[in-house]
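Tertiary structure, described
The chain contents come next:
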Amino acid sequence: MSESKRVIIEPVTRVEGHGKVSILLDENNKVTQARLHIVEFRGFERFIQGRPYWEVPVLVQRLCGICPVSHHLAAAKAMDRIVGADKLTPTAEKMRRLMHYGQMFQSHALHFFHLVSPDLLFGFDADPKIRNVIGVAIKFPDLAVQGVMMRKFGQEIIKATAGKKIHGTGAIPGGINKNLSIAERDSFLKDIKQMLEWSRGALKIAKDYTVENLQKIASFGSFDSNHLSLIRKDGAMDLYHGNLRAIDSQGKKIFDQVDYSDYTDYITEEVKSWSYMKFPFIKSIGAEKGWYRVGPLARVNTCDFIDTPEAEAARKEFMAVTNGKPNNITMAYHWARMIEILHSAEKINELLNDKDLQGTDLVVKGKRRNEAVGLIEAPRGTLFHHYKVNDDDQITMANLIVSTTHNNEPMNRAVAKVADEYISGVPKITEGLLNRVEVAIRAYDPCLSCATHAMGKMPLKITLYDYQGNEITSRTKE
Amino acid sequence: MSDQITFTIDGVEVKGKPGQTILEAADAAGIYIPRLCFMKDLIPHGSCRVCTVFINGRPQAACTQPITEGAIVENDTAELKEHRKNIIDMLFVEGNHFCMFCEKSGNCELQAMAYRLGISAPKYPYLFPKRDVDATHPDILIDRNRCILCGRCVEASRDVDKKTIFEFVGRGADKKVAVNANADLKDTDFKATDKAADVCPVGCIIKKRVGFAIPVGQRKYDTKPIGSDIEAGKK
């Protein structure tokens, strides 16, 4: 009987939430299987049944402590449809957009500066004692401060639009419950130039890293894939609203300008026994090849242009690397994410100078519906909320497809690719090699639980098992 | 008989009129005695016991006890604060109070009382009782998860609205607010304009589709603790 070994990375560090990686090795240390397991269970779809619909945008955002605004807004967009508010007032829509760009800005800043920069600045094999956010703070104090201040700016915008930095109440069915006061606006205008400048700096770091290491990272956890995102009617990137577009790895459109209310005609989910997370795929292509990526990389790939000048210039540079074809390099997520952080800063600047934010017409209503879908481009990718409401105003059905779920198959592919390339056949598995697996996962900025925040240096336990599941040896990273 | 009665609360001399309760006289003097089931314009019945004070050394509900000449009332003491905290604690764990997504948050008297008393988390174990939601009425929703059995809706409906739509049924842990109908609230003649629709101190009887219309920062207890309005009238 051949003897196999199992390597477990649990928990995966510097990502949001809890997951683990299992790598099966045969007697020659060849990788036979590598998987990312999602070990948390989310019961929101079930326990919101019976709750009144107007409670949902506030309730369901409790899924997450990192990007609750995305859930808040996706649910609110669905509830807009429920109350028949097909077009919000300019003040309501722009306040929500400001909230969303503030969210995108702070989430991307957190991911880039706190979670990812240690890998980029110190290298994958650097001593884990310094390869963390504290190490960044000691060696690159300016960058660490920028990360904190950018996050703070985004959080303050969320507070001014949603009422609280985390789990606010701003978006209500049919609109918003407040406008932006002149004093609030001026406090942000005071800092926006600095934020734009720091965003440019972060973009440069991500771009330079990608371009300088292109040869090394081009194949790192990379593979051809389909890409999916919302898109504006004119093809522009729109993080708040639009129709669905899916393209293949070469840029050919699989579907375009699909009303997201019809998403079930185009996308379905597969269940696998070893993960609590489902595997969505494009129906017309099938489970085998119909999986796709979402998030910054997908959004930059799918859009025809970005409607803010600096981010658009950055997008052109990005696309030039792959001669205008979709970029399928996993590590290019970081560059795409920083294009979006600059885009968000530009959008915030635009909105702060828009007088509609001081308007007082906040809510509209129309003909009541009993079923609705709300979509938004969350920091980590396209977020789907789908609800049914009975005549007594209670939720009877909820289906949430969160960004990380879309990226489930791609993350598993990235894990398998890295494991095969770096771990297979290696006599001694070092911490640096295992970190490469995590680096590939981190590129997607997954929110594994879509629940709470698990940042920084978490203990990493690696255990080797024989084929019968007996522990051979174990090492713990403190 | 004199038309003025003099007594003390925590050593402060308070003057009141015959027939006033201790709570009424204290309110008029700008002294806040914490309370939960009491509501102006409804007949006080002393059920929640949050307003318990010591009167000449004996515990009594301030909302029902009339003032007497020369009485020595103790209100703001460490012992009574502890007693009140225990009551509020128990109310929290006996129901399903999820402030984080309750639309009454910021306007809720139970939550505001907990904040005023310095309760950050209940010390007793949660009971997580199974309670139901009655969403059948077109304009009003009853979420019994949040009911604290204060009895305000029962009184308001009976004494003000003259409808007697609400009544308590069951005993002990099974006690709950029922409606005067074979089935649900929709089967009654309850209206959103009834007094009983406006008296719930928590998020149990709520008007539909209002939700989170008031932004954080502008809710009743966002900036000032419960009882501040009474204390502002201190003489």
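Residues numbered from 1 in each chain as written. Chains lettered and ligands numbered in written order. Predicted model: local features only at pLDDT ≥ 70, side-chain atom pairs only at ≥ 80, totals over all residues. Heavy atoms only, no water.

1. Observations concerning the interface of chain A and chain B
Between chain A and chain B, the residue contacts involve 19 residues of the former and 18 residues of the latter. The junction of chain A with chain B conceals about 1700 Å² of combined surface from both sides, 60% of it contributed by carbon and sulfur atoms. The largest share of the area that chain A buries against chain B comes from R51, W54 and D392 of chain A, three residues that together contribute 32% of it. One can count 4 salt bridges joining chain A with chain B. With a shortest N-O distance of 3.3 Å, D393 of chain A and K208 of chain B are connected by a salt bridge. One can count 7 residue pairs in polar contact (both at pLDDT 80 or more) joining chain A with chain B. (Contact = heavy atoms within 4.5 Å. Buried area = accessible area lost by both parts, 1.4 Å probe. Salt bridge = Lys/Arg side-chain N within 4 Å of Asp/Glu carboxyl O. Polar contact = N/O pair within 3.5 Å; in protein donor to acceptor, adjacent residues only side chain to side chain.)

2. A few points about the sheet that holds strand β7 (residues 243-247) of chain A
Residues and elements named next belong to chain A. Sheet architecture is open: 4 strands sit in the order β8-β7-β6-β11, paired in mixed fashion. The strands lining the two open edges of the sheet, one partner per strand, are β8 (253-258) and β11 (292-293). Examined bridge by bridge, β7 and β8 share 3 bridges and lie antiparallel to one another. Bridge assignment links L244 to a residue of β8, and that residue is V258. (Pairing = 2+ DSSP bridges. Helix = DSSP H or I, 4+ residues; strand = E, 2+ residues; numbered from the N terminus.)

3. What to know about helix α6 (residues 141-162) of chain A
The end-to-end C-alpha distance of α6 of chain A, which contains 22 residues, comes to 31 Å, matching closely the 32 Å that a straight helix rising 1.5 Å per residue would cover. The first or second residue beyond α6 of chain A is G163 of chain A, which carries a positive phi of 100°. (Expected span 1.5 Å × (residues − 1).)

4. Re helix α4 (residues 152-160) of chain B
Residues and elements named next belong to chain B. Turning to α4, its buried residues are R152, C153, V154, E155, A156 and S157. Contacts made by the buried residues of α4 are with α3 (109-117), β8 (166-169), β9 (176-179) and β10 (205-207). Remark: K162 follows α4 within two positions and exhibits a positive phi of approximately 55°. (Buried < 20%, exposed > 50% of the residue type's maximum accessible area, 1.4 Å probe, protein only.)

Nothing here speaks to function; it is all geometry.
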